[in-house]
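Below are the chains, spelled out letter by letter.
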Amino acid sequence: MKTEINNYIQKLSKIFTDDRSSEIEFLANSMLQAWRKKNTLFICGNGGSAGNAIHLANDFNYGISKSDGIGMRVDALSANSSVITCLGNDIGYENIFSQQLEVKASKEDLLLVLSGSGNSPNILRALEVGNKIGMKTFAIVGYKGGKAKETAQYPIHFPIDDMQIAEDSQLIVGHMIMQWMCEQSK
């Protein structure tokens, strides 16, 4: 087990040695601006990335400003199982996020998609609709980045062929930004 632990830590550390700081900083500044303007951050993903989207939505809604209770307007599009199953059943799983964006999102809002491969049809469709609406679209992706790397206006790509490390990168970036935003609220 010790070997597996060390290998995992090395892989996780390696993806952050390549400089992604300017990309992360741009996402952080865009989120801060959206927070101050009371725009909404929409986050979505599938599987573990869906769980990460929900986790980060909580962090940005509540965690960034515990002192005054005025967190960011954030919506995890993967959180409502009734909406997801309805849309999946009625208009197709590839539209479960894009349909929600068409109803809820505005031009000044942000979209952050989380994906290991960057190739899930529902993620790609969400990016297309976000771009059409005029949102700033971001993607945190692993592996080769997939089509999301090309479709998102601002991709943050961690080239790692390991789903767990790719999903860890999503939370690490989110937590970095959360801690920074906490400091900005003081």
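For the structure itself, consult the block above.
Quantities reported herein were computed from a predicted structural model and do not represent experimental measurements.

**Q** Help me understand the sheet that holds strand β3 (residues 110–115), please; the structure alone is not making it clear to me.
**A** Think of a sheet as strands paired side by side through backbone hydrogen bonds, with each pair either parallel or antiparallel. An order of β2-β1-β3-β4-β5 is seen for the five strands of this open sheet, with the pairing classed as parallel. The two strands at the open ends of the sheet, each matched to only one other strand, are β2 (73–76) and β5 (154–157). Averaged over all neighbouring strand pairs, the angle between strand axes comes to 15°, with direction disregarded. Here six bridges tie β3 to strand β4 (residues 136–141), and the two strands are oriented parallel to one another. Pairing of L110 across the sheet is with K136, part of β4. On top of the sheet, helix α3 (residues 48–61) reaches β1 (40–45), β2 and β3; it is set at about 160° to β1, its chief contact.

**Q** What exactly am I supposed to notice about the nonpolar core here?
**A** Proteins that are soluble and globular tend to have nonpolar side chains buried together. Counting residues in hydrophobic clusters, the biggest one holds 33 residues, and the most contacted among them are M31, L41, I43, F60, M72 and I177. Those elements that place two or more of their residues in this core are α2 (21–37), β1, α3, β2, β3, β4 and α8 (163–184). Setting aside residues no more than four positions away along its own chain, I43 makes contact with A53, L56, A57, F60, V74, D75, A76, L77, S78, L112 and L114. Counting 21 residues, the second-largest nonpolar core is a separate cluster that includes C44, L111, I123 and V129.

**Q** For this particular structure, what's the right way to read the packing of aromatic side chains?
**A** Ring pairs (aromatic) are described by centroid distance and by the angle formed between their planes. Counting across every chain of the model gives four aromatic pairs. Measuring from centroid to centroid gives 5.0 Å for F16 and F158, while their planes differ by 50°, and the two rings are tilted. Of this pair, F16 sits in helix α1 (residues 2–17) while F158 sits in the loop between β5 and α8, and the two are 142 residues apart along the sequence. Judged by its relative accessible area of 25%, F16 is partly exposed. The exposure class assigned to F158 is buried, which follows from its relative accessible area of 0%. With centroids separated by 4.6 Å and ring planes inclined at 45°, the aromatic side chains of F26 and Y154 adopt a geometry described as tilted. Separated by 128 residues along the polypeptide, F26 in helix α2 and Y154 in strand β5 bring together distant segments of the chain.

So, how was this worked out
Residues numbered from 1 in each chain as written. Predicted model: local features only at pLDDT ≥ 70, side-chain atom pairs only at ≥ 80, totals over all residues. Heavy atoms only, no water. Pairing = 2+ DSSP bridges. Helix = DSSP H or I, 4+ residues; strand = E, 2+ residues; numbered from the N terminus. Axes fitted to C-alpha atoms, helices over the stretch in contact; angles between N-to-C directions. Contact = heavy atoms within 4.5 Å. Core = buried A, V, L, I, M, F, W, Y, C linked by side-chain atoms within 4.5 Å. Buried < 20%, exposed > 50% of the residue type's maximum accessible area, 1.4 Å probe, protein only. Phe/Tyr/Trp six-rings, centres within 6.5 Å; stacked < 30°, edge-to-face > 60°.

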